[in-house]
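# Architecture at a glance
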Amino acid sequence: MKRAYVLVIVLAMMVSCASAAFYGKDSEVINLTPKTFRSEVYDTNYTTIVEYYAEWCGHCKNLRPHYAKAAKSLSGLAKVAAVRCDDPSNERLCAKANIKGYPTLKIYRPSKRAKSTPIVEDYQGARTAKAITGMVLDRLSNRVTRLSSAADVEGFVAQKEVPRVLLFTDKPNTPPMFKVLAIDFDSSARFGIVRKADKALQKRFGVKKMPTVVVVTNDEEGEEEEERAVYEGEIKKEQLYEFLSGFATPAEGRLKGVVPANSPQRYGLDSSHDEL
Ligand SMILES: *[C@@H]1O[C@H](CO)[C@@H](O)[C@H](O)[C@H]1NC(C)=O
């Protein structure tokens, strides 16, 4: 009698666990496998955070909603991924990462030297969406050139082989979204940030307000005629990405995620990062 009762409870628990995948289709967390780990985490210039977890682990369950929220808020800016270590097929992946407890969070970012393995760092911060998001944004590679004088700007703009994307802003730090756009269009455009533009410089580039994004191009041969396109749209990652696609080619394609690329949820969900 008692035994049957226990069995019923165990069965009920199994059913309830099986029905809810840890990070399901509605979440933006990328579920990594031995097949995808390398391409998602190593062969990329984006920053990735990986959670190594086990489904039975209580702290992992507590972290889950925060981690899913971080994934949403980092959508289009960085990759948020997870490896389920109590799945036998991921055993070697977790052993290789030297995972000693769950959850373990590691941040992978590309090394500055070409073709070398990423820099890996254990995330030791608070297990909240805000803290995780903040740390990942802090670890984005920065390919944006700081232009602190009119001479700097002219020197930068004079590099005619590829379009030059200038951000005029009064923000003290390079906004994460702009850093990621520089990764998105790596090698087919150059990105520069101008913080203190005097009237003459603003006039030269058609800047009427802060922030303003201007793309400077030259004709096919990189010859004389300089063209300037001032971005007039909303300050949203997706829209800026579309705009810049008119001038340059994305290097890795769109940041992949679980949510379809054309879904309105895909980018800019967390408006706090839609800032330049
Ligand atoms: C990452 O950036 C470097 C330097 O621009 C480039 O050579 C490399 O191809 C990029 N990697 C990927 C996967 O796009």
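Here, the structure is the one placed above.
Residues numbered from 1 in each chain as written. Predicted model: local features only at pLDDT ≥ 70, side-chain atom pairs only at ≥ 80, totals over all residues. Heavy atoms only, no water.

Within the protein, the secondary structure is distributed over nine helices and 10 strands. Taking all 276 residues of the protein together, the buried fraction comes to 45%. Excluding contacts between residues fewer than 6 apart, the proportion of contacts in the protein whose partners are at least 24 apart in sequence is 72%. Surface accessibility of the protein: about 15,200 Å² in total, with carbon and sulfur atoms responsible for 53%. (Helix = DSSP H or I, 4+ residues; strand = E, 2+ residues; numbered from the N terminus. Buried < 20%, exposed > 50% of the residue type's maximum accessible area, 1.4 Å probe, protein only. Contact = heavy atoms within 4.5 Å. Areas by Shrake-Rupley, 256 points an atom, 1.4 Å probe, with all protein chains shown as cover.)

With that out of the way, let us pick up the sheet that holds strand β8 (residues 190-194). Read across the open sheet, the five strands follow the order β6-β8-β7-β9-β10; overall the sheet is mixed. One side of each edge strand has no neighbouring strand; the edge strands of this open sheet are β6 (145-147) and β10 (226-230). For this sheet, the mean angle separating the axes of adjacent strands, direction not counted, is 25 degrees. The pairing of strand β9 (residues 212-218) with β10 spans five bridges and is antiparallel. By the bridge assignment for β10, T217 is matched with E227. Relative to β8, helix α7 (residues 176-184) is tilted by about 160 degrees, and along the sheet it contacts β7 (164-168) and β8. Against the sheet, helix α9 (residues 237-245) contacts β7, β8, β9 and β10, and its axis sits at roughly 15 degrees relative to β9. (Pairing = 2+ DSSP bridges. Axes fitted to C-alpha atoms, helices over the stretch in contact; angles between N-to-C directions.)

Time to look at the site of the ligand. Every residue close to the ligand is listed here: D43, N45, R143, D186 and E252. In the model, an oxygen atom of the ligand is placed 2.4 Å from a nitrogen or oxygen of the N45 side chain. Considered on its own, the ligand offers 360 Å² of accessible surface; in the complex 49% of this is hidden by protein. Here the shell around the ligand is built from residues that sort into no nonpolar, one polar and four charged. (Near = heavy atom within 4 Å. Polar contact = N/O pair within 3.5 Å; in protein donor to acceptor, adjacent residues only side chain to side chain. Nonpolar A, V, L, I, M, F, W, Y, C, P; charged D, E, K, R; others polar.)

We now examine the nonpolar core. Counting 48 residues, the largest nonpolar core has Y67, I132, L181 and F191 as the members making the most contacts within it. When residues in this core are grouped by element, the largest group, six residues, is from α7. Those residues within four positions of F191 in sequence are excluded, and the remaining contacts are R143, V144, T145, F156, V165, F178, L181, A182, F185 and L244. Core analysis: the next-biggest nonpolar cluster, separate from the first, contains 14 residues, V50, A81, C94 and A97 among them. (Core = buried A, V, L, I, M, F, W, Y, C linked by side-chain atoms within 4.5 Å.)

On to the packing of aromatic side chains, then. Applying the stated rule across the entire model yields 13 aromatic pairs. Each ring, one from F178 and one from F191, has its centre 5.4 Å from the other, and the planes form 70 degrees; the classification is edge-to-face. Within this pair, whereas F178 is found in helix α7, its partner F191 is found in strand β8, the two being separated by 13 residues in sequence. Given a relative accessible area of 3%, F191 falls into the buried group. Relative to F247, the ring of F243 has its centre 5.3 Å away and its plane inclined at 65 degrees; by these criteria the two rings are edge-to-face. Under the relative-accessibility criterion, F247 is labelled partly exposed at 31%. Grouping aromatic residues by their ring pairs yields a cluster made of F22, Y23, Y53 and Y67. The residue whose ring lies beneath R64 is F22, and the NZ or CZ to ring-centre distance is 4.4 Å. (Phe/Tyr/Trp six-rings, centres within 6.5 Å; stacked < 30°, edge-to-face > 60°. Lys NZ or Arg CZ within 6 Å of the ring centre and 35° of its normal.)

On a regular strand, one side chain projects to one face of the sheet and the next to the other, so that they alternate. Within strand β4 (residues 104-109), five of the six residues are buried, which leaves it mostly tucked inside the rest of the structure. Judged from the five bridges that link them, strand β2 (residues 48-53) and β4 form a sheet pairing that is antiparallel. In the strand pairing of β4, Y52 is matched with T104. For β4 and strand β5 (residues 119-122), the ladder comprises four bridges, and the chain directions are antiparallel. Considered in β5, the bridge of I107 is made with E121.

Across all of its chains, the model carries 14 salt bridges by this definition. For E161, the salt bridge goes to R190, with nearest N and O atoms at 3.0 Å. Remark: R190 occurs in strand β8 and E161 occurs in the loop between α6 (150-157) and β7; sequence separation between them is 29 residues. For R190, a relative accessible area of 28% puts it in the partly exposed group. In this structure, the salt-bridge partner of K237 is D184, at a minimum N-O distance of 2.9 Å. Taken as a pair, K237 in helix α9 and D184 in helix α7 lie far apart in primary sequence, 53 residues in all. The residues K237 and D184 share a single accessibility class, namely buried. When salt bridges with common partners are traced through the structure, they connect R109, E121, D138 and R139 into a single cluster. (Salt bridge = Lys/Arg side-chain N within 4 Å of Asp/Glu carboxyl O.)

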